[in-house]
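Take a look at the letters that make up each chain.
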Amino acid sequence: MLQQLIVFDERFSYGFQGLVVVLPQLWKALAIYGVYTIPFFLVWYWFFRDRLIALRAALAGIVAWFGFNNVIASLVGRERPPQIPSLNFPAHEFIFDRPGPSFPSDHAAFLTAVTVSFYLAGERKTLPYLIAVLLLTVVARIVTAQHWVGDILVGILVGAVASKLIWLLRRHIDAVCQPLIKALQKVGL
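The text that follows walks through the structure, step by step, so that each part is easy to find. (Residues numbered from 1 in each chain as written. Predicted model: local features only at pLDDT ≥ 70, side-chain atom pairs only at ≥ 80, totals over all residues. Heavy atoms only, no water.)

### Brief notes about the nonpolar core
And step 1. Counting 35 residues, the largest nonpolar core has Ile38, Leu42, Phe110, Leu111, Val114 and Phe118 as the members making the most contacts within it.
And step 2. Elements with a minimum of two residues in this core: helix 3 (37–48), helix 4 (51–76), helix 5 (106–120), helix 6 (127–143), helix 7 (149–168) and helix 8 (170–186).
And step 3. Residues in contact with phenylalanine 110, not counting those within four places in the same chain, are Val35, Ile38, Gly61, Ile62 and Trp65. (Core = buried A, V, L, I, M, F, W, Y, C linked by side-chain atoms within 4.5 Å. Buried < 20%, exposed > 50% of the residue type's maximum accessible area, 1.4 Å probe, protein only. Helix = DSSP H or I, 4+ residues; strand = E, 2+ residues; numbered from the N terminus. Contact = heavy atoms within 4.5 Å.)

### Focus on unusual backbone geometry
And step 1. Positive phi is not limited to glycine here, since alanine 145 has a value of about 65 degrees.
And step 2. Residue placement: alanine 145 occurs in the loop between helix 6 and helix 7.
And step 3. Relative accessible area serves as the criterion here: at 0%, alanine 145 is assigned to the buried category.

### Observations regarding helix 5
And step 1. End to end, helix 5 covers 21 Å across 15 residues, agreeing with the expected 21 Å (1.5 Å per residue, within 8%).
And step 2. For helix 5, a buried count of eleven out of 15 residues is recorded, marking the element as mostly surrounded by other parts of the structure.
And step 3. The complete set of buried residues in helix 5 reads His107, Ala108, Ala109, Phe110, Leu111, Thr112, Ala113, Val114, Thr115, Ser117 and Phe118.
And step 4. Next to the buried residues of helix 5 lie helix 2 (24–33), helix 3, helix 4, helix 6 and helix 7.
And step 5. The N-cap residue of helix 5 is serine 105: its side-chain oxygen and the backbone nitrogen of histidine 107 are 3.4 Å apart.
And step 6. Remark: glycine 122 follows helix 5 within two positions and exhibits a positive phi of approximately 80 degrees. (Expected span 1.5 Å × (residues − 1). Polar contact = N/O pair within 3.5 Å; in protein donor to acceptor, adjacent residues only side chain to side chain.)

### Some thoughts on the packing of aromatic side chains
And step 1. Using the criterion set out here, one finds nine aromatic pairs in the structure.
And step 2. With a centroid separation of 6.0 Å and an interplanar angle of 70 degrees, the aromatic rings of tryptophan 65 and phenylalanine 110 are classed as edge-to-face. Residue tryptophan 65 is found in helix 4, and its partner phenylalanine 110 is found in helix 5; the two are separated by 45 residues along the sequence. No difference in accessibility class separates tryptophan 65 from phenylalanine 110, as the two residues are buried. (Phe/Tyr/Trp six-rings, centres within 6.5 Å; stacked < 30°, edge-to-face > 60°.)

Here is the structure:
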């Protein structure tokens with residue numbers, strides 16, 4: 001099965017990478033920094049909209065990224081695509097350790113988990129922003145040779161599963177988190 005994924009990835013990923021000649025620094029910026037807009041969004045949502053929804057979404061993202069993705073990556077250990085030297089990616093990003101295993105994409109898993117969490121919570125007004133960040137970031141990750149297409153697709157699946165799991169457990173999570181939220185509100189957070 002992994003061999004089939006490699007053939008699929010080579011066929012589609014190299015086509016995406018051809019887009020890097022159009023505004024390469026924009027693609028690089030989206031690939032690196034797109035995911036970092038979400039923590040700011042979640043903090044804003046925490047203070048101005050709904051603390052519980054923000055907390056569930058953050059938890060889903062963490063479960064997808066640190067939980068499921070780490071297990072899968074340790075089992076598969078797939079290397080990243082050959083790098084595009086002219087882009088000169090940093091050795092380490094702010095949070096995401098680079099270079100790490102390519103499969104599945106942590107960025108795709110995290111962003112999808114947050115996006116699907118907001119969808120499941122019925123927060124439709126925020127979806128255009130979240131979907132735009134998700135799509136721009138994951139396409140940029142492929143264009144800049146940070147991931148294969150298959151890494152992104154499996155990352156999206158992992159993120160969706162993590163957010164659905166958190167949604168199914170939301171009553172238990174809410175029972176634990178609501179007293180914490182009330183205590184934080186008392187101190188101005």
